[in-house]
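# A look at the structure
So the chains spell out like this:
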Amino acid sequence: MASKAVKIEAKKLNIWFGKNHVIKDLNLSVSKNSVTAIMGPSGCGKSTLIRSINRMNEIIEGCITKGEVLIDNMNIYDPKVDTVELRRRVGMVFQKPNPFPKNIFENIAYGPKVHGIADKNELKNIVESSLKRAALLDEVEDRLKDSALKLSGGQQQRLCIARALAVGPEVILMDEPCSALDPVATAKIEALIRELSKNYTVIIVTHNMQQAARVSDFTAFLYMGNIIEYGKTKKIFQNPDNELTENYITGRFG
């Protein structure tokens, strides 16, 4: 469906929390170095879907996952897969910025240190390049020893993106990354998402349809655990095939 190579593929994915069947026989192919938006009403399974891509649902008691999620044709639910390594490859940015109660430098250096990097110069280079790629270095380079908690909400969210980039991921998952931010901070994050897609595969969950239209190459409309429609964003918004998609986009429900 896309000209770029497939990076992630879900096949017959089913997820339950107890008896609640949240994701139902879902199939999805995500292109490498693109932005894919997952949109749909509250409770339709958007966050559960992206959390399946780094196996974070497993942290929740009573979660059962069946089916496959392939990254570069490798099933991440194979018992041999190391979840620590998987979560290095698949970074996650949450709805609310969640910096560690440490200084800015240590927030970024934390992941590389966990993965065995101890050389001070190497850590300094990683911190600076991660902050630069997250479009934050110019704003904080003279205050790396300051607490990350002193940053504004938008800066904290870009710090969290830099922290995800510091361990060298291939995929970045973003769960409503702008919902707690003002319009100016949102615009900066949206510009950053477009820039990141040159080197990373980005999947963003959003309630904001205008945001999906602005930042994504592809859009999936999820409803009650099913993908109703998936395709190029322009086509989904201008000429959807499914009446349910059109009703959601035009605000008749959701």
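For the structure, see preceding data.
Below you will find a few notes about this structure. What you are looking at is a predicted structure, and each value in this text was computed from that prediction instead of being measured.

### Comments concerning the pairing of strand E4 (residues 63-71)
Moving residue by residue along a regular strand, the side chains alternate between the two faces of the sheet. Across 8 bridges, strand E1 (residues 6-17) lies against E4 in antiparallel orientation. Note that in E4 the partner of Ile15 across the bridge is Thr65. Inspection of the sheet shows E4 paired to strand E5 (residues 74-75) by 2 bridges, in the antiparallel sense. If you follow Ile71 over to E5, its bridge partner there is Met74. If you look at the hairpin formed by E4 and E5, you'll find 2 residues sitting between the two strands, and Asp72 has a positive phi there, around 50°.

### Side note on the packing of helix H3 (residues 104-114) against helix H4 (residues 120-133)
Orientation of H3 relative to H4, taken along the N-to-C sense of each, is 115°, at an axis distance of 9 Å. In terms of orientation, H3 lies roughly perpendicular with respect to H4. The handedness of the crossing between H3 and H4 comes out as right-handed. Within the contact between the two elements, H3 uses Ile104, Phe105, Ile108, Ala109, Pro112 and Lys113 and H4 uses Leu123, Lys124, Ile126, Val127, Ser130 and Leu131. Within the contact of H3 with H4, the residues separate by chemical class into 9 nonpolar, 1 polar and 2 charged.

### Describing the packing of aromatic side chains
Inspection of the entire model under this criterion finds 4 aromatic pairs. Considering the side-chain rings of Phe221 and Tyr223, the 6.3 Å spacing of their centres and the 20° angle between planes classify their relative orientation as stacked. Given a relative accessible area of 25%, Tyr223 falls into the partly exposed group. Considering the side-chain rings of Phe221 and Tyr248, the 5.0 Å spacing of their centres and the 25° angle between planes classify their relative orientation as stacked. Highlighted residues: Phe221 in strand E9 (residues 218-223) and Tyr248 in helix H10 (residues 243-249), separated in sequence by 27 residues. Among the residues examined, Phe221 registers a relative accessible area of 0% and is labelled buried. Look at Tyr248 and you get buried, because its relative accessible area is 3%. Among the aromatic residues, ring-to-ring pairing joins Phe221, Tyr223 and Tyr248 into one connected group. One cation-aromatic arrangement involves Arg163 over Phe100; the distance from NZ or CZ to the ring centre is 4.1 Å.

Rules used throughout
Residues take numbers from 1 onward in each chain, read along the sequence in its written order. Where local features are concerned, this predicted model is filtered to residues with pLDDT of at least 70; where side-chain atom pairs are given and counted, the filter is 80 or more; whole-chain, interface and lining totals use all residues. The basis for every side-chain value is the complete set of heavy atoms in the structure, and neither hydrogens nor water enter the calculation. Think of it this way: DSSP has to see at least two bridges between two strands before they count as a pair. Put simply, DSSP H or I for four residues or longer makes a helix, DSSP E for two residues or longer makes a strand, and each gets a number counted from the N terminus. All axes are obtained by fitting lines to C-alpha atoms, using only the stretch in contact for helices, and the reported angles, taken between N-to-C directions, cover 0 to 180 degrees. The labels follow the angle: roughly parallel below 35 degrees, roughly antiparallel above 145, roughly perpendicular from 65 to 115, and oblique for the rest. Two helices crossing with the near one rotated counterclockwise from the far one by less than a right angle form a left-handed crossing, whereas a clockwise rotation gives a right-handed crossing. Note on contacts: a residue pair is in contact if any heavy atoms of the two residues lie within 4.5 Å. When residues are sorted by character, Ala, Val, Leu, Ile, Met, Phe, Trp, Tyr, Cys and Pro go into the nonpolar class, Asp, Glu, Lys and Arg into the charged class, and all the rest, Gly among them, into the polar class. Between rings of Phe, Tyr and Trp, where Trp is taken as its six-membered ring, a pair exists when centres lie within 6.5 Å; planes separated by under 30 degrees are stacked, by over 60 edge-to-face, and by other angles tilted. Think of it in three bands: with a 1.4 Å probe and only protein chains considered, a residue is buried below 20% of the maximum accessible area for its type, exposed above 50%, and partly exposed in between. Note on criteria: charge over ring means Lys NZ or Arg CZ within 6 Å of the ring centre, with the direction from the centre no more than 35 degrees off the ring normal.

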